[in-house]
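# Descriptive analysis of the structure
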Amino acid sequence: MFEQQINLTDVFVSMRKDPVKYKVDEFLVGHLGFLRKKENIESCCRNEPENLEFPAEDLANFWELNHAYLIIGSAFMASLIYAAYLICCKPLNRVLPYEAVGFEHLKSEKMTSKERAFRVNQMNKKKELGEIPPVFPNGWFALMESNDLAKNSSKFIQALGTGLFLVPKGENFAVFRDADGEVHVLDAYCPHLGANLAIGGKVRGNCIECPFHGWLFDGNSGQCTSIPYSSSKPPVQAKVKSWPCAESLGFIMVWYHAEAEEPFWQPPQIKGVSDGEYSFCGRSEHYISTHIQDLPENGSDVAHLNVLHTAGIPAGPRLVDLHGFLSKIFTHSWTASWKQGDPSHTSTVALTHTGKVLNWRVPFMDIISNIEQKGPGIVILRFDSLFGLGQGVLVQTVTPVEPLMQRMVHRFYFSNPWLKIVGKIFLYGENVQLERDIAVWNSKKFIRHPLLVKEDKMILAYRRWFSQFYSENSPTLESLSKKKCLDW
Ligand code: FES
Ligand SMILES: [Fe+2]
């Protein structure tokens, strides 16, 4: 308080000497806000400096008021900085369920969101499927993203399942990461009494301990190595299936093969992404109600690009908006060429994009992308120059959750760490285009023998290529539907 009095004394003496310069009235009214204080201080100013006396109450009010300004100002600045951080640095996270894309026609003001969800489900159930190929092709599929699994923790993941509309069965994975960071994937159910290893199981070394009676299972072999309350050696049949797994491009992947063959190719690693050199700009996650083969078919279906993806991003993802005013201002045009790759589980698409404003080409928006498909569930889109600001890599994974429900995740990486926002905007724009595809996929049927013209010929080449991922025992909708009889 003593310090404050000295400083204030100096201020008030200066004011008294030059009241015009210091605008005493404005100062008092603006900062103290009370005429009573003005009178106090004016009376103080009439005294000699050495006789100045300031009522303690006024000084306290003065500092309280200024502290309040300081706090409000700081809070405002902090909010601005936080907002700038969110916009520029925080990765995008766009997650949409399948009901959210492509069902605008089922929306009405009178309908509650519950009623709408019911109608979307009904429409999905009654959708004509067509003659669909086997539902789970052989290959690597993403179970989850790497950063969602900490060391010494486990997660329960269900995928490649029948869904609730059939007899429930499918794959149930216990995914865990040991203390060294290595990931293991086992069948989730303990052979002892069926507890779920991933829910409450404890990671010990490279093993996982069942939460029910403590049996310990080796993460590499799936073999039970210890039964804590038994003096006998664990029986050899005390074993769960161990799945081939790998980490690639930010995902934990599992190898699925209908004949349980070992992997004959590995998921890719890419410079810039695998070594962490590029900045992660964001992710998107969509659930899509269609057969998995429909999704990568897009790359060979050149004709759809200049219909579905012509309208600019401001027109948005809804199909009903693709012919409105905004769709004429910004437009895209595309060329693409699909071909089978080497090794045979790969294929490539050379894609070029031209952006136009009012039909004038904007060279800045030209984009060339080399797209590589790796098996049925992984796609990598590389952009050697994104608006001249850096290189980008978009990783796409598709995992069949159910025969006709795919989980698609995109993760985008950008070489320029200072312009993450460019990567975020790009990913958002890409999502808008993707959601137009999803709107079509969500309500289409699969046509085994499509009516094609010669310009569509790459679609047939693509289908021949994709058929390599089906094998004799690949599950079909029919095989999954067969009920087992009760034979207790
Ligand atoms: S159920 Fe797993 S140890 Fe008993
Ligand atoms: Fe498309």
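If you're wondering where the values come from, they're calculated on a predicted model, not measured in any experiment. (Residues numbered from 1 in each chain as written. Chains lettered and ligands numbered in written order. Predicted model: local features only at pLDDT ≥ 70, side-chain atom pairs only at ≥ 80, totals over all residues. Heavy atoms only, no water.)

## Quick word on the overall build of the protein chain
Where we set the bar: Comment: elements are numbered from the N terminus, with helices defined as DSSP H or I runs of at least four residues and strands as E runs of at least two. Burial classes follow relative accessibility: with a 1.4 Å probe on protein chains only, a residue under 20% of its type's maximum area counts as buried, one over 50% as exposed, and anything between as partly exposed. Contacts: residue pairs with any heavy atoms within 4.5 Å of one another. Note on areas: Shrake-Rupley, 1.4 Å probe, and residue coverage restricted to the protein chains presented here.
For the protein chain, the helix and strand inventory stands at 12 helices and 20 strands. Each of the 488 residues in the protein chain was classed as buried or not, and the buried ones make up 46%. Considering only residue pairs separated by 6 or more positions, the protein chain has 59% of its internal contacts joining residues 24 or more positions apart. A total of about 26,000 Å² of accessible surface is found on the protein chain, and carbon and sulfur atoms cover 59% of it.

## Section: the sheet that holds strand β11 (residues 245-248)
Selection criterion: Two strands pair under a simple rule: DSSP has to find at least two bridges between them. Axis lines are fitted to C-alpha atoms, over the contacting stretch for helices. Their N-to-C directions set the angle, which ranges from 0 to 180 degrees.
In spatial order, the strands read β2-β12-β11; together these three strands make up an open sheet with antiparallel pairing. Both edges of this open sheet fall to β2 (139-145) and β11, since each of them pairs with a single strand only. Across the sheet, the axes of successive neighbouring strands diverge by a mean angle of 35°, strand direction being ignored. Examined bridge by bridge, β2 and strand β12 (residues 251-256) share six bridges and lie antiparallel to one another.

## With respect to the pairing of β11
The side chains of a regular strand alternate between both faces of the sheet. Of the two faces of β11, only one is covered, namely that formed by Ala246 and Ser248; the face formed by Cys245 and Glu247 stays uncovered. With four bridges joining them, β11 and β12 adopt antiparallel strand pairing. Within the sheet, the bridge partner assigned to Glu247 lies in β12 and is Ile252. Hairpin connection between β11 and β12: a loop of two residues separates the two successive antiparallel strands, and Leu249 in this loop has a positive phi of roughly 55°.

## Quick look at the coordination of the iron ion (ligand 2)
Selection criterion: Here a donor is any nitrogen, oxygen or sulfur atom (N, O, S) within 2.8 Å of the metal, with 3.2 Å used for Na, K and Ca; water is not among the atoms considered, so some sites may look incomplete. For a four-donor site, all angles between 85 and 135 degrees give tetrahedral; for four or six donors, opposite pairs above 155 degrees with the remaining angles between 65 and 115 give square planar or octahedral; all remaining cases count as irregular.
Coordination of the iron ion (ligand 2) by the protein involves His304 (NE2), His309 (NE2), Asp437 (OD) and Asp437 (OD), with metal-donor separations of 2.1 to 2.3 Å. Coordination at the iron ion (ligand 2) comes from four donor atoms whose angles at the metal span 57 to 156°, giving a geometry best classed as irregular. Within one chain, the residues serving as donors to the iron ion (ligand 2) are arranged as H-x4-H-x127-D. When sorted by exposure, His304 lands in the same class as His309, which is buried.

## Digging into the layout of surface pockets
Basically, it comes down to this: A cavity, in this analysis, means grid points on a 1 Å lattice covering only the protein atoms where a 1.4 Å probe fits yet has no way out; a pocket is instead an open set bounded by protein on both sides within 12 Å along at least five of seven lines, and a residue lines either one if it has an atom within 4 Å of a point. Grid points are joined across faces, edges and corners, and a volume is the space filled by probe spheres set on the points. Asp, Glu, Lys and Arg are counted as charged, while Ala, Val, Leu, Ile, Met, Phe, Trp, Tyr, Cys and Pro are counted as nonpolar; the rest, among them Gly, fall into the polar class.
Within this model, the largest pocket holds a volume of roughly 1,100 Å³. As for the largest pocket, its lining consists of 47 residues, and the residues nearest its centre are Trp334, Leu351, Leu381, Glu430 and Gln433. Among the elements that take part in the lining of the largest pocket, helix α10 (residues 420-441) stands out by supplying 10 residues, more than any other. For the lining of the largest pocket, the per-class residue count stands at 28 nonpolar, 16 polar and three charged.

## Remarks on the nonpolar core
The cut-off we apply is this: Buried residues of nine kinds, namely Ala, Val, Leu, Ile, Met, Phe, Trp, Tyr and Cys, make up a nonpolar core once their side-chain atoms join them within 4.5 Å.
Counting 33 residues, the largest nonpolar core has Leu143, Leu160, Phe173, Val175, Val185, Met408 and Trp441 as its most contacted members. Where this core is concerned, the elements lending two or more residues are β2, β3 (153-159), β4 (171-177), β5 (183-187), β12, α10 and α12 (477-481). Tallying contributions element by element places α10 first for this core, with four residues. Ignoring any residue separated from it by four or fewer positions in sequence, one finds Trp441 in contact with Lys127, Ile288, Ser289, Thr290, Asp294, Leu295, Asn298, Met408 and Leu434. Counting residues in hydrophobic clusters, the runner-up holds 26 residues, among them Ile371, Val379, Phe414 and Tyr462.

## Comments concerning unusual backbone geometry
With an omega of 5°, the peptide bond running from Asp342 to Pro343 counts as cis. By the secondary structure assignment, Pro343 is in the loop between β14 (330-340) and β15 (346-357). Unusually for a residue other than glycine, Ala260 sits at a positive phi of about 60°. By the secondary structure assignment, Ala260 is in the loop between β12 and β13 (279-288). The phi dihedral of Phe387 is positive, around 55°, even though this residue is not glycine. In this fold, Phe387 is placed in the loop between β18 (378-383) and β19 (392-402). Take Phe387: its relative accessible area is 22%, and that puts it in the partly exposed class.

## Notes on the pattern of salt bridges
Let me state the cut-off plainly: Salt bridges are counted wherever a side-chain nitrogen of Lys or Arg sits within 4 Å of a carboxyl oxygen of Asp or Glu.
With the rule as written, the count across this model stands at 17 salt bridges. Residue Glu277 pairs with Lys271 through a salt bridge whose shortest N-O separation is 3.2 Å. Between Glu285 and Arg407 there is a salt bridge, with its nearest N and O atoms 3.1 Å apart. Taken as a pair, Glu285 in strand β13 and Arg407 in strand β20 (residues 405-414) lie far apart in primary sequence, 122 residues in all. Pair check on accessibility: Glu285 and Arg407 agree, each one buried. Salt bridges sharing partners connect three or more residues here, namely Glu145, Arg283, Glu285, Arg407 and Arg411.

## Section: the pairing of β14
Here β14 runs beside β15; their pairing, made up of 11 bridges, is antiparallel. Looking at β15, one finds that Ser337 is bridged to Ala350. Once β14 ends, the chain turns through five residues before running back antiparallel as β15.

## Some details on the side chain of His345
Along the chain, the position of His345 falls in the loop between β14 and β15. By relative accessible area, His345 is classed as buried at 12%. His345 has contacts with Trp265, Gln373, Lys374, Gly375, Trp465, Gln468 and Phe469, leaving out every residue within four places of it along the chain.

## What to know about helix α11 (residues 457-466)
Rule in force here: Regarding the arc, it is the one traced by the directions from the helix axis to the C-beta atoms.
Every buried residue of α11 is accounted for by Met458, Ile459, Tyr462, Arg463, Trp465 and Phe466. Seen from one end, α11 has its buried residues packed into an arc of 160°, which puts them on one side. Looking at α11, the residues exposed on the side facing more than 90 degrees away from the buried face are Lys457 and Arg464. Here the buried face of α11 lies against α7 (294-297), α8 (302-308), β14, β15 and β17 (367-374).

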